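Read off the chains here:
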Amino acid sequence: MRLSTLRHACRNLPTPSVHQPRTGVRVFGLAKSSLPLGPSSNSQLLLRAASSVSGTTSAEKAPKLGKQTDGPGYENTIRENVQRTKEEMVALQRGHPALKPTLAIIQADEDDRLLELNKKMAGKIGLNVTQICLPRECTEDEIIEEVLKLNEDPRVHGVYLHLPPASLTSRVLNTLRPEKDVDGVSDLNVGRLVRGDMNQGFIPPLANAVMELLARHDTPMEGRIVLVVGGEGPLGVALQCLMQRRGMVVLHSRRSSEVLQKQANAVVLLAAGHMDVPPTWLRPGTAVIHCGSALMTEDHGMEMSGVGPLTAALRMQNVVQSSSRWAQGQQYRPWTLRSLKLQPLSPVPSDIEISRAQTPKPVDQLAQEIGLLQEETEAYGRTKAKVRLSLLDRLREQPDGKYVLVAGITPTPLGEGKSTVVIGLVQALSAHLKLNSFACLRQPSQGPTFGVKGQRGQISTRISMLEISMLINESFNLHLTGDIHAITAANNLVAAAIDARMLHEATQKDKALYSRLVPSVNGVRRFSPIQISRLRRLGISEIDPSALTPQEVSSFVRLDLDPAKVTWQRVVDTNDRFLRKITVGQASTEKGHVRETQFDIAVASEIMAILALADGLGDMKTRLGRMVVGSSRSGQPVTAEDLGVSGALAVLMKDAIKPTLMQTLEGSPVFVHAGPFANIAHGNSSVLADKLALKLVGEDGFVVTEAGFGADIGMEKFFNIKCRASGLRPNVVVLVATVRALKMHGGGPNVSAGSPLPREYIDENLSLVGKGCSSNLRKQIQIAHLFGVPVVVALNVFKTDTQAEIDLVCQMAKESGASDAVPCHHWARGGRGSVELAQAVKQAGSQPSHFQFLYSQETPIVEKIRMIAQKVYGADDIELSPEAQAKIDYYNQQGYGKLPICMAKTHLSLSHMPEKKGTPTGFTLPIRDIRASIGAGFIYPLVGTVSGRMALDLHTSRVCTGVSAM
């Protein structure tokens, strides 16, 4: 079939005066002598018999029809279609009881007859019908606006555009989503029909009705010659395709009656203009079908038996089919991941050069490959997108995949490459073993990106650049999708509200404060929902603002925050040492209310911890409201909800709660979400990212996430805090080690960022490696076993490592209890360099996991701290400062005693002393202070001299220049 034939149509036929029907003519549904066609007759789709051109009157020469449109056979056709659709509807709702298929009709006139016909047919089947009435003179933009609304409405499964032909422009038709185009008129659906791909498209109901009527005629479909008059639009194209697929010969003509008399034994009239076709023009037995209108009228005294009911029935069938496809689309979708080819080079280029050399897949393509729906992603440029949490509802019945945690031994100041191991492992699993796998990483802070925690060198930048080189996106280290900026804005909004509240309470009477907090709007005063919640916490049941007593008003308006006990600090995502201690309130407008405060690094904000631990928007809002910002002068905790800002915080964070989808160099999917530090917070990516990924990979897939710093810090917090909050249970721990770090723990010289490595770390030294394995590596494996999870050791190989050193590490790791130990070469070879690790993880993941928490929630705070210090760090005991003991007593009094513990300590040693390497023993762990993140849901003791602030180094990072040294 040539495409040119799809565009050629008969636009008109001669229109002589009306003729009387010849002898033997059987005209069904009309009392007139001609077949009036076009809008002036409000004609309908009819199957008619034409008279014999010879004028024969004998019965045997009269045209014969197998069934008549206004007879019981036609009624049966409609009834059969309705019954079939009802059965499909019942089967659909059996599996999806809450699903109610809905057809939306956009109408541009006041004629409700078509609506009533479709409503009647929908009622028989059990569908909903909704109507959008537009004025007859509506513009194209007005139509498109309504179509776009219906496109986004998940309750609507089909849209019928009942509009004048002039309004059905290409722009209007192609604005409609193809999956809701139940009339099959969009270019994509017509193209699918032409190609023969009907798995996603729809057959136009009117064209389908014509085919059903032709099938009822006695003449065989195969070889039948059909003349199509008119039909330049989608209907004509669809009808011609359907006819040719059934073996019919389709003709188009503008000529006179000769074509009709000598060739066609069926005529389908699609022209919109007025035409009269005398019966003498037609061969005996010719089927004449007129498609000028699909709605029967009573202009000629006819019953509702034309194509209108049949077309409506077939339209409803398409709506049910669309709903069924929608329901199927909500189920888990198998992956079609296309891996990107990686060409390793020797010598290995700089990290930024590696990243820029690869061309990533468009993020919408990646999303489709891993089974995400179009409406579940929000693109941020071409290579990254937010993923909506509605995915969790859609796949709630889908079993989770395997959950893999990557932790590490106690690192050198240079870092040992846990993030790169995560990416290499995921690339090996997906691109080389062809297993669905997802990486879940934290978002780096700009603080360490542009400066290294107040220390010398640029190592943090280099580590981040390694991550960039494997993620093909330089924005990974910078703004990404703005989550950290949202945290900064939300955090500082709380800080501003604290100072503003203290100022107003200090300078205004109760009545003035009450008028500010509960203003009169149009003469009416009402409490907001958040204010009603505060009233309930105060024990006040009255909700009429005018009914409160003066004492109740005073209790309501005064938080009475003690400036000396404000614990909430402002934050900035830059290491700015001059903001460690500041004075605020020095302007004359602050009326002398000056106080000292400080800035913390943005990712140390409790809001970051909340983002990482929340399991949904509602849970996040509740946690934000619970945040304790200080104490009143009477010693009562004051929360963000008391300040009345929890709703505003949730609004600021509503987009940040969605994980960001990215990809590795080899096209494997990655979620980047949240970024709490592991030494001053719990150091893990978000619960939501892990949950989304576990659903997407499927039951046989793998989700690989990372815990910050060594297993004694990040892994312990992952198990005791994150897993407790999420309800998720890990299957495997991958413990990352390097020969360099093991040499350090075996007694090697100090390693300093920015300084050349001593010779011991470059030359082979099996003695140092062996001592490091028997001390720190063995201890970290034992820590993982405390939680009942199998361990695979991944040795991140550097070019200076010798084969003897590699073999020794793998041997001693297995002797220390690891399920397996393998070398990894992902930095130089990509995923191919981690295939052995992937196989080991797959094998370990098939073994049963006997996960257990280190302590129960009921264990007292002091004992929780002691258990971590003794069992994880190897301390003899703990030493509480008087301030720490007082805080414990206070938290117990406030009911916080059941919260888990988040130890804030150095990451450079198992002890509190950074210089103590290996496995220190015989020490007492000093607890200087204890603080609480009530919103996040943990208590964090400060061990030794650890701080929650960072400073900018003298030399800022050269990240923007693309310089890399690793």
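Bear in mind the structure is a predicted one, so any value in this text is a computation, not a measurement. (Residues numbered from 1 in each chain as written. Predicted model: local features only at pLDDT ≥ 70, side-chain atom pairs only at ≥ 80, totals over all residues. Heavy atoms only, no water.)

Participant: Please give an account of the overall build of the chain that cites residues and values.
Facilitator: Summing up its helical and strand segments, the chain has 33 helices and 31 strands in all. Taking all 966 residues of the chain together, the buried fraction comes to 58%. Of the contacts formed within the chain by residues at least 6 apart in sequence, a portion of 75% connects residues at least 24 apart. Put simply, the chain shows about 39100 Å² of open surface, and 50% of that area lies on carbon and sulfur atoms. (Helix = DSSP H or I, 4+ residues; strand = E, 2+ residues; numbered from the N terminus. Buried < 20%, exposed > 50% of the residue type's maximum accessible area, 1.4 Å probe, protein only. Contact = heavy atoms within 4.5 Å. Areas by Shrake-Rupley, 256 points an atom, 1.4 Å probe, with all protein chains shown as cover.)

Participant: Tell me what's going on with helix 31 (residues 835–845), and back it up with residues and numbers.
Facilitator: By the burial criterion, the buried members of helix 31 are V835, L837, A838, A840, V841, A844 and G845. Contact partners of the buried residues in helix 31: strand 12 (402–408), helix 14 (418–432), strand 25 (702–706), strand 26 (732–737), strand 27 (791–796) and strand 28 (820–824).

Participant: Kindly report on the sheet that holds strand 3 (residues 128–133), identifying the contributing residues and their values.
Facilitator: The three strands are arranged 3-2-4 in an open sheet whose pairing can be described as parallel. The sheet terminates laterally at strand 3 and strand 4 (158–162), the two strands that pair on one side only. Sheet twist, expressed as the mean angle between neighbouring strand axes with direction ignored, is 20°. Against the sheet, helix 3 (residues 113–125) touches strand 2 (102–107), strand 3 and strand 4, its axis set at about 165° to strand 3. (Pairing = 2+ DSSP bridges. Axes fitted to C-alpha atoms, helices over the stretch in contact; angles between N-to-C directions.)

Participant: Tell me about the packing of aromatic side chains, and name the residues and values.
Facilitator: What the rule picks out here adds up to 13 aromatic pairs. Taking the centre distance of 6.0 Å and the plane angle of 90° together, the rings of Y514 and F556 count as edge-to-face. With Y514 in helix 18 (residues 510–517) and F556 in helix 20 (residues 550–557), the pair connects residues that are 42 residues apart, well separated along the chain. With a relative accessible area of 6%, Y514 lands in the buried category. Between F719 and F787, the aromatic rings sit 4.5 Å apart at their centres with planes inclined by 40°, giving tilted as the arrangement. Note that F719 is positioned in helix 26 (residues 711–726) and F787 in the loop between helix 28 (766–786) and strand 27, a separation of 68 residues in sequence. For the pair F719 and F787, a shared accessibility class is recorded, and that class is buried. Connected via pairs of aromatic rings, a cluster forms that spans Y403, F718, F719, F787, F851 and F853. For the cation-ring pair, R325 lies above F202, with the distance from its terminal atom to the ring centre recorded as 4.6 Å. (Phe/Tyr/Trp six-rings, centres within 6.5 Å; stacked < 30°, edge-to-face > 60°. Lys NZ or Arg CZ within 6 Å of the ring centre and 35° of its normal.)

Participant: Give a detailed account of the pairing of strand 24 (residues 669–672), specifying residues and quantitative values.
Facilitator: If a strand is regular, its side chains alternate between the two faces of the sheet. By the alternation rule, side chains of strand 24 split into P669 and F671 and V670 and V672, which are all buried. Strand direction decides the pairing type here: strand 13 (residues 437–441) and strand 24, joined by three bridges, are parallel. When the sheet's bridge partners are listed, C440 is paired in strand 24 with F671. Linkage of strand 23 (residues 660–663) to strand 24, two consecutive antiparallel strands, is achieved through a turn of five residues, within which G667 is found at a positive phi near 85°.

Participant: Could you give me a rundown of the state of the cysteines, with the residues and numbers involved?
Facilitator: Using the criterion set out here, one finds zero disulfides in the structure. As a non-bridged cysteine, C824 has C810 as the owner of its nearest cysteine sulfur, 8.7 Å distant. (Disulfide = S-S within 2.5 Å.)

Participant: Describe the nonpolar core, naming the residues involved and giving the relevant values.
Facilitator: F438, L661, F671, F719, L777 and L925 are the most contacted members of the largest nonpolar core, which has 140 residues in total. Examining the composition of this core, we find that nine residues originate from one element, helix 17 (residues 483–507), more than from any other. When residues no more than four places from it in sequence are discounted, the contact partners of F719 are L405, R724, P730, V733, F787, V789, F851 and F853. Y74, L117, L270 and V319 belong to the second largest nonpolar core, which has 49 residues in total. (Core = buried A, V, L, I, M, F, W, Y, C linked by side-chain atoms within 4.5 Å.)

Participant: Quick rundown of the pattern of salt bridges? Include the residues and the values.
Facilitator: Here the structure, examined in full by the defined rule, presents 37 salt bridges. For R623, the salt bridge identified is with D619, shortest N-O distance 3.0 Å. Taken together, the positions of R623 and D619, both in helix 22 (residues 617–626) and four residues apart, correspond to about one turn of that helix. (Salt bridge = Lys/Arg side-chain N within 4 Å of Asp/Glu carboxyl O.)

Participant: Let's hear about the pairing of strand 2: which residues, and what values?
Facilitator: Among the six residues in strand 2, six count as buried, and that is most of the element. Relative to strand 3, strand 2 is paired through six bridges, and the arrangement is parallel. The partner of I105 across the bridge, within strand 3, is Q131.

Participant: Just give me the short version of the packing of helix 6 (residues 187–195) against helix 8 (residues 234–245), but keep the residues and values in it.
Facilitator: For the pair helix 6 and helix 8, interaxial distance at closest approach is 9 Å and the crossing angle is 15°. Taken together, the axes of helix 6 and helix 8 are roughly parallel relative to one another. Between helix 6 and helix 8 lies a crossing whose hand is left-handed. Residue-level contacts link V190, L193 and V194 of helix 6 to P234, V237, A238, C241, L242 and R245 of helix 8. (Parallel < 35°, antiparallel > 145°, perpendicular 65-115°, else oblique. Left-handed = near helix turned anticlockwise from the far one by under 90°.)

Participant: Any chance you could break down the side chain of S605 for me, citing the residues and the numbers?
Facilitator: Counting through the fold element by element, S605 comes out in the loop between strand 20 (599–601) and helix 21 (606–613). A polar contact is formed between the side chain of S605 and the backbone nitrogen of I607, at a distance of 3.1 Å. For S605, the contacting residues outside a window of four places in its chain are I487, N491, W568 and V571. (Polar contact = N/O pair within 3.5 Å; in protein donor to acceptor, adjacent residues only side chain to side chain.)

Participant: Can you tell me about the sheet that holds strand 13, naming the residues and giving the values?
Facilitator: Strand-to-strand pairing in sheets goes through backbone hydrogen bonds, with the strands running parallel or antiparallel. With mixed pairing, the ten strands of this open sheet are ordered in space as 10-11-23-24-13-25-12-26-27-28. Pairing within the sheet leaves two strands with one partner each, and these edge strands are strand 10 (377–379) and strand 28. Taking each pair of neighbouring strands and ignoring which way they run, the sheet shows an average axis angle of 30°. Both strand 10 and strand 11 (residues 385–387) contribute to a ladder of three bridges, which runs antiparallel.

Participant: An account of the packing of helix 28 against helix 29 (residues 803–815) is needed here, citing residue identities and associated values.
Facilitator: The interhelical angle for the contact between helix 28 and helix 29, taken along N-to-C directions, is 30°, at an axis separation of 10 Å. The angle between the axes of helix 28 and helix 29 places the two elements in the roughly parallel class. In this structure, the crossing between helix 28 and helix 29 has a hand that is right-handed. Two secondary-structure elements touch here, helix 28 through L766, V769, G770, C773, S774, L777, R778 and I781 and helix 29 through A804, E805, L808, V809, M812, A813 and E815. Counted by class, the contact of helix 28 with helix 29 contains ten nonpolar, two polar and three charged residues. (Nonpolar A, V, L, I, M, F, W, Y, C, P; charged D, E, K, R; others polar.)

Participant: Give a detailed account of the confidence of the model for the chain, specifying residues and quantitative values.
Facilitator: Scored by pLDDT, the chain comes out at a mean of 84, with 83% of its residues at no less than 70. Of the regions scoring below 50 in pLDDT, residues 293–305 engages in 38 contacts with residues more than four places distant in sequence or in other chains. (pLDDT = per-residue confidence, 0-100.)

Participant: Mind laying out helix 21, listing which residues take part and the relevant values?
Facilitator: Most of helix 21 is tucked away, with eight of its eight residues classed as buried. All buried positions along helix 21 are accounted for by E606, I607, M608, A609, I610, L611, A612 and L613.

Participant: Kindly report on the environment of R866, identifying the contributing residues and their values.
Facilitator: Secondary-structure assignment places R866 in helix 32 (residues 861–873). Along the chain, R866 and D876 lie ten residues apart, while their C-alpha atoms are 9.1 Å from each other. Excluding anything up to four places from it in sequence, R866 contacts D877 and I878. Separated by 2.6 Å, the side chains of R866 and E863 make a polar contact.

Participant: Outline the side chain of T412, supporting the account with residue identities and numerical values.
Facilitator: For T412, the location among the structural elements is in the loop between strand 12 and helix 14. Using a relative accessible area of 2% as the deciding quantity, one classes T412 as buried. For T412, the residues in contact, after removing those within four places along its chain, are R740, A741, M744, V751 and L908.

Participant: Can you lay out unusual backbone geometry for me, pointing to particular residues and giving the numbers?
Facilitator: You will see that K434, though not glycine, has its phi angle at about 60°, which is positive. With respect to the element layout, K434 can be found in the loop between helix 14 and strand 13. In the Ramachandran plot, F709 falls in the positive-phi region, its phi being about 55° despite a non-glycine side chain. Taking relative accessible area as the criterion, F709 reaches 16% and is therefore assigned buried.

Participant: Which residues make up the environment of R333, and what are the values?
Facilitator: Structurally, the position occupied by R333 is in the loop between helix 10 (307–329) and helix 11 (351–357). Measuring from C-alpha to C-alpha, the distance between R333 and G371 comes to 4.9 Å, with 38 residues separating the pair along the chain. Setting aside its immediate chain neighbours within four residues, R333 contacts G371, L372 and L373. Among the polar contacts made by the side chain of R333, one reaches the main-chain carbonyl oxygen of G329 at a distance of 3.5 Å.

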